[in-house]
Amino acid sequence: MKRKLVLVGNGMAGVWCVEHMLKLAPQRFEVTIFGSEPHPNYNRILLSSVLAGDSSMKDIVLNDWDWYRDNGITLHAGHTVTKIDKAKRTVTSDKGVTVPYDELILATGSRAFILPVPGADKEGVIAFRDIKDCETMMESAKKYKKAVVIGGGLLGLEAARGLLNLNMEVSVVHIHDYVMERQLDQTASSMLRTELEAQGMKFLLQKHTEQILGRDRVTGVKFKDGSVVEADLVVMAVGIRPNVAIAKDHGIEVNRGIVVNDFLETNVPNIYAVGECAEHRGVAYGLVAPLYEQGDVLAKRLCGLEVSGYEGSVTSTKLKVSGVDVFSAGQYREAPGTRAIKVVDEFDGIYKKVLIRDGKVVGAVMFGDTSDSTRIFKLIRTGEDVSGREKEVVLGEGFGGAGGKSAGSGVAAMADDEIICGCNGVSKGAIVKAINEQGLTSVDAIKACTGASRSCGGCKPLVGEVLQCTLGADGVTAAKEGICGCTTLGRDEVVEAIRSMHLTTSKEVMNVLGWENTEGCSKCRPALNYYLGMVWPVEHEEERESRFVNERNHANIQKDGTYSVIPRIYGGVTSPQELKRIAEVAEKYEVPLVKFTGGQRLDLLGVKKEDLPKVWEDLDMPSGYGYGKALRTVKTCVGNTFCRFGTQDAMGMGIAIERRFERLNTPAKVKIAVSGCPRNCAEATIKDFGIVAIDGGWELHVGGNGGVKVRATDLLCKVKTEEEVMEYAAAYLQFYRETGKWNERTSEWLPRVGLETVRAALDTPEKRQALVARIDEALQVMTDPWKEIIETPSLRATFEELPGSLAVDASAAAEAAAGLESEAAAAVERP
Ligand SMILES: Cc1cc2nc3c(=O)[nH]c(=O)nc-3n(C[C@H](O)[C@H](O)[C@H](O)COP(=O)(O)OP(=O)(O)OC[C@H]3O[C@@H](n4cnc5c(N)ncnc54)[C@H](O)[C@@H]3O)c2cc1C
Ligand SMILES: NC(=O)c1ccc[n+]([C@@H]2O[C@H](COP(=O)([O-])OP(=O)(O)OC[C@H]3O[C@@H](n4cnc5c(N)ncnc54)[C@H](O)[C@@H]3O)[C@@H](O)[C@H]2O)c1
Ligand code: SF4
Ligand code: FES
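Please read these numbers as outputs of a predicted model, since none were measured by experiment.

Let us now look at the overall build of the chain. For the chain, the helix and strand inventory stands at 28 helices and 36 strands. Burial analysis of the chain (831 residues in total) assigns 55% to the buried set. Pairs at least 24 apart in sequence give 63% of the contacts found in the chain among residues at least 6 apart. With the model as given, the accessible surface of the chain reaches about 35500 Å², and the carbon-plus-sulfur share is 50%.

Now the structure itself:
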């Protein structure tokens, strides 16, 4: 007869434990699960990613309804267990369902702590813990603008980033003088804050919340110092408290959490606790890796297998905010007896600190580059004695910063027992074994088989590297990631199919290539639209609805729902007539702000959507594409026309280049600059294509970026004539168009494909001319979008259909902000 197992709590830790029991002894138990939430088991960690627009609710389900049925599990979803009868060994839910148990696991997790201040119960004050909270935030962002997140810990910052993506103005209120003080030292924290401020987050530090203001709904937050911040939505992320009520009410020993021994047993026979609700040796953990370790021990114990007890865990954390690499593990602040090895690279914005005590690595903090985190975390966990070789062991290869270590080399050097996926405790050896024995060829297959990358997903790139390393060069194609969740096909395979099968519409691609989601998603639709246009420039009809809002409206949406208008000013050279016209338009349409951009153009900010066609008409200038994945600016210096150092005509060259390639659409935005001499006043060496005049010719630089991750260009070659500059520029841009992934800047593409590959593609006149011919074919069909809209009544009507003076399109703004490149948030073109 099967033993009756009841699990209270359908969350990550409890279900993990049940999954393991099913693997270890599938026939041993008859399982019943109660869960307060009306959902199947889902990945709570990825709620941050749902909020940020990177995953959908569907993506985060760990075990769907079928899984329960297929495994013979009875699930009472939406039932909270309120009663335990220890004598009869039964549990009863709030909906009156009573079930007997032989073994009872409590895995009730935690609840968010809500500050007990007046007004905390007002409408619009929420926590960030479950699907409902996440949905409330997403709904609120459609109606409201100002969000205040109280708590600058991991959760608060991830919530804040998500809300920014939803186009809200976000202020993070923190009680200390620096954020993430439980994981970071002051240096790393201030680097993090600077980065997040650059992303648009505001910080209110050393603020003690006193009161939530408002009648029914929140209108603001008042602090003890008397200051007030306005708020339409308040998210409390000030920590969590284990859910212990059910245990406490039934005589099970409780401290902060439900007290358990090394075998996860409570003081009551046959009742166990696992996960965030459990307190082991005085610690209640709030991260999944230790909870899964607990679940493994309990599963073995309940299946009657030999197991040494759980001894506690050293934890590590990574912040899940895109564009920010932060890692922290173990002890992160200096203390008497510790010595630190630190690396600070102010050029690349990298900070790493490793703390050593008594010859052992006891903690680490990393910002900007976390590629060493796995290796260093292993040293912390194993407590290996590194006395006398501290620097050698810690600094290792590449610890000094970015650029030291080539992708993949770190993984190749890793020992088999090194943990690749911290959340799920999966080692390199286990992944390699699974790849070899099961013939796995994708990260998703490894995830399904080993669990690696199933939780926070932070290890995904590393899992990919192990895959590449194991399969070797020949396996690389097989190992390619799908361009999105709708397909397993990678970019090259999709483009090849478009070419060889002559596919000309996205629908065709999705049907023929068997897209899982037949409508596509926000990742593949714009990508397909680009690839189709690139391969079939003449035949493919632009699929306007596949583009993000900025590219649909040919203007950059701003945070208040208005738009910015940047007309083209070739080479940054204008005239009094043009300036007068811009000024008249600004006055006529009461444009609130006129600003010079970093790309030497004028930006009219705050234009209402319904005014856009009229503004374009009155300006009578072409679109500057300040919103598109296209050629943006060509920045120039005055060159030899005026400057006494100039060796060539930089302005003339810039204007010619801009006229030649204007309207060219590219995988991601492209910026060009021309400097008249090596003093390089136009900053050409941080552009996608940089032209620097030298005595008797020009240097051509490629793959630079001055944005979030600054990258200096590589020198492609030197040429003598202006014709050669044009030819190389065209060939280079077309090669990028043909081989770049959609949304991949040249600064990412160039290191990926390699400078030598690019040089080889352009190394003969024949190759260059073939590329030039193809770019010309693409350019010949491109028309000015502003003109097209002005002259096409049906298109024009789409701008004028919204009533009212301010055509605020909140969902559009949210869409733009959630777009992979948040140009909407930029009030100016970035340099
Ligand atoms: C937004 C967010 C991001 C996170 N990111 C990370 C991360 O990057 N890395 C990481 O390691 N951790 C992260 N965490 C923490 C991680 O999600 C938790 O540690 C983990 O989910 C805890 O698992 P658990 O099973 O103990 O509790 P939970 O997942 O909370 O599950 C407990 C379940 O029990 C239910 N329950 C409670 N009482 C009862 C009852 N009486 N009857 C029936 N059901 C009941 C609850 O409703 C809940 O569904 C994050 C958490 C959040 C909210
Ligand atoms: N990336 C990740 O690993 C990740 C992401 C999200 C959540 N989580 C986990 O979820 C749980 C909840 O996260 P959390 O950030 O809420 O918890 P936390 O306890 O780690 O951080 C809470 C933060 O709020 C601050 N705080 C406390 N009182 C405050 C007040 N009155 N005003 C302003 N700030 C105040 C604290 O100083 C602290 O920095 C944690 O266990 C966390 O580890 C992890
Ligand atoms: S780059 Fe040279 S030519 Fe151009 S402005 Fe500067 S000094 Fe003058
Ligand atoms: S490290 Fe979180 S899923 Fe692998």
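Let's shift gears to the nonpolar core. By size, the foremost hydrophobic cluster in this structure holds 51 residues, and its most contacted members are Met21, Ile84, Val91, Leu104, Ile105 and Leu106. Once residues within four sequence positions are removed from consideration, Ile105 is found in contact with Leu5, Val6, Leu7, Val8, Cys17, Met21, Tyr272, Val274, Leu298 and Leu302. Among the nonpolar cores identified, the runner-up in size contains 45 residues, and Ala682, Leu700, Ala731 and Tyr732 belong to it.

Turning our eyes to something else, we now look at the packing of aromatic side chains. For any pair of aromatic rings, the description consists of the separation of the ring centres together with the inter-plane angle of the planes. Taken as a whole, this structure holds 12 aromatic pairs when the rule is applied. Considering the side-chain rings of Phe327 and Phe377, the 6.5 Å spacing of their centres and the 75° angle between planes classify their relative orientation as edge-to-face. Pair noted here: Phe327 is in strand S22 (residues 326-330) and Phe377 is in helix H9 (residues 373-382), with a separation of 50 residues, a long-range link. You can call Phe327 buried: its relative accessible area is 3%. Between the aromatic rings of Trp616 and Trp786, the centroid separation amounts to 5.1 Å while the plane-to-plane angle is 5°, which identifies the pairing as stacked. Here the residue Trp616 occupies a position in helix H20 (residues 612-619), and Trp786 occupies one in helix H26 (residues 785-791), the gap between them amounting to 170 residues. Each member of the pair, Trp616 together with Trp786, is buried. Put simply, the rings of Phe689, Tyr732, Phe735, Tyr736 and Trp749 pair up and form one aromatic cluster. Lying across the ring of Phe113, Arg241 places its NZ or CZ 4.0 Å from the centre. It is Arg301 that lies over the ring of Phe263; its NZ or CZ is 3.9 Å from the centre.

The final tally for this structure, using the stated rule, is 43 salt bridges. For Lys146, the salt bridge goes to Glu230, with nearest N and O atoms at 3.7 Å. Highlighted residues: Lys146 in strand S10 (residues 146-150) and Glu230 in strand S15 (residues 228-230), separated in sequence by 84 residues. Between Glu334 and Lys342 there is a salt bridge, with the nearest N and O atoms lying 3.2 Å from each other. Residues participating in the shared-partner salt-bridge network are Asp185, Glu334, Lys342 and Lys353.

As for its position among the elements, Lys635 is in strand S32 (residues 631-636). On the basis of relative accessible area, Lys635 is assigned to the buried category, the value being 10%. Within polar-contact distance, the side chain of Lys635 engages the backbone oxygen of Gly598 at 3.5 Å. Within the structure, the side chain of Lys635 is placed 3.0 Å from the side chain of Glu683, a separation counted as a polar contact. Apart from residues no more than four positions distant in its own chain, Lys635 is found in contact with Gly598, Gln600, Ile672, Ala673, Val674, Ala682, Glu683 and Lys687.

On to the UniProt feature "binding site: siroheme" (unreviewed entry) in the chain, then. Following the UniProt record, one finds the feature "binding site: siroheme" (unreviewed entry) at Cys681. Structurally, the position occupied by Cys681 is in the loop between strand S33 (670-675) and strand S34 (689-694). The exposure class of Cys681 is exposed, given its relative accessible area of 61%. In this view, Cys681 contacts Cys637 and Ser675; residues no more than four positions away in its chain are not counted.

Attention now goes to the pairing of strand S31 (residues 602-607). Counted residue by residue, S31 has six buried out of six residues, so it is predominantly covered. As paired elements, strand S30 (residues 593-596) and S31 share four bridges and run antiparallel to each other. Looking across to S31, one finds that Lys595 is bridged to Asp603. In this antiparallel pair of consecutive strands, S30 and S31, the connection spans five residues, and Gln600 shows a positive phi of 65°.

Here we take up the packing of H20 against helix H27 (residues 793-800). One way to put it is that H20 packs onto H27 with a least axis distance of 8 Å and a crossing angle of 120°. With respect to each other, H20 and H27 are oriented oblique. Residues Leu612, Pro613, Lys614, Trp616 and Glu617 of H20 form the contact with H27, whose participating residues are Arg796, Phe799 and Glu800. Looking at the contact of H20 with H27 residue by residue, the classes come out as four nonpolar, no polar and four charged.

What follows concerns the sheet that holds strand S36 (residues 714-719). Taken in spatial order, the five strands line up as S32-S33-S34-S35-S36 in an open sheet, and their pairing is mixed. Looking at strand neighbours, the two that pair on one side only are S32 and S36, the edges of this open sheet. Direction aside, neighbouring strands of the sheet carry axes that sit 15° apart on average. Inspection of the sheet shows S32 paired to S33 by four bridges, in the parallel sense. Among the inter-strand pairings, Leu631 is bridged to a residue of S33, identified as Val670. The strands touched by helix H21 (residues 650-661) are S32, S33, S34 and strand S35 (697-702); relative to S32, the strand with the most contacts, the crossing angle is about 170°.

Inspection of the secondary structure puts Arg774 in helix H25 (residues 765-780). Linking Arg774 and Glu738, residues 36 residues apart in sequence, is a C-alpha distance of 9.9 Å. Filtering out sequence-adjacent residues up to four positions away, Arg774 remains in contact with Gln734 and Glu738.

Along H27, the residues classified as buried are Leu795, Arg796 and Phe799. Down the axis of H27, the buried side of the element spans an arc of 100°, and every buried residue falls inside it. Within H27, the exposed residues directed more than 90 degrees away from the buried face are Pro793 and Ser794. Structurally, H27 contributes buried residues whose contacts are with helix H18 (549-553), H20 and H26.

The subject of this paragraph is the packing of helix H1 (residues 12-24) against helix H8 (residues 288-302). Contact geometry of H1 with H8 gives a least axis separation of 8 Å together with a crossing angle of 40°. Regarding the angle of H1 to H8, the classification is oblique. For the pair H1 and H8, the crossing hand works out as right-handed. Across from Met12, Ala13, Trp16, Cys17, His20, Met21 and Leu24 in H1, the residues of H8 making contact are Val288, Leu291, Tyr292, Gly295, Asp296, Leu298, Ala299, Lys300 and Leu302. Grouping the constituent residues of the contact of H1 with H8 by class yields 12 nonpolar, two polar and two charged.

What counts, and at which threshold
- Residues numbered from 1 in each chain as written.
- Chains lettered and ligands numbered in written order.
- Predicted model: local features only at pLDDT ≥ 70, side-chain atom pairs only at ≥ 80, totals over all residues.
- Heavy atoms only, no water.
- Helix = DSSP H or I, 4+ residues; strand = E, 2+ residues; numbered from the N terminus.
- Buried < 20%, exposed > 50% of the residue type's maximum accessible area, 1.4 Å probe, protein only.
- Contact = heavy atoms within 4.5 Å.
- Areas by Shrake-Rupley, 256 points an atom, 1.4 Å probe, with all protein chains shown as cover.
- Core = buried A, V, L, I, M, F, W, Y, C linked by side-chain atoms within 4.5 Å.
- Phe/Tyr/Trp six-rings, centres within 6.5 Å; stacked < 30°, edge-to-face > 60°.
- Lys NZ or Arg CZ within 6 Å of the ring centre and 35° of its normal.
- Salt bridge = Lys/Arg side-chain N within 4 Å of Asp/Glu carboxyl O.
- Polar contact = N/O pair within 3.5 Å; in protein donor to acceptor, adjacent residues only side chain to side chain.
- UniProt positions renumbered as here; feature names shortened; annotations may be inferred.
- Pairing = 2+ DSSP bridges.
- Axes fitted to C-alpha atoms, helices over the stretch in contact; angles between N-to-C directions.
- Parallel < 35°, antiparallel > 145°, perpendicular 65-115°, else oblique.
- Nonpolar A, V, L, I, M, F, W, Y, C, P; charged D, E, K, R; others polar.
- Arc of directions from axis to C-beta.
- Left-handed = near helix turned anticlockwise from the far one by under 90°.

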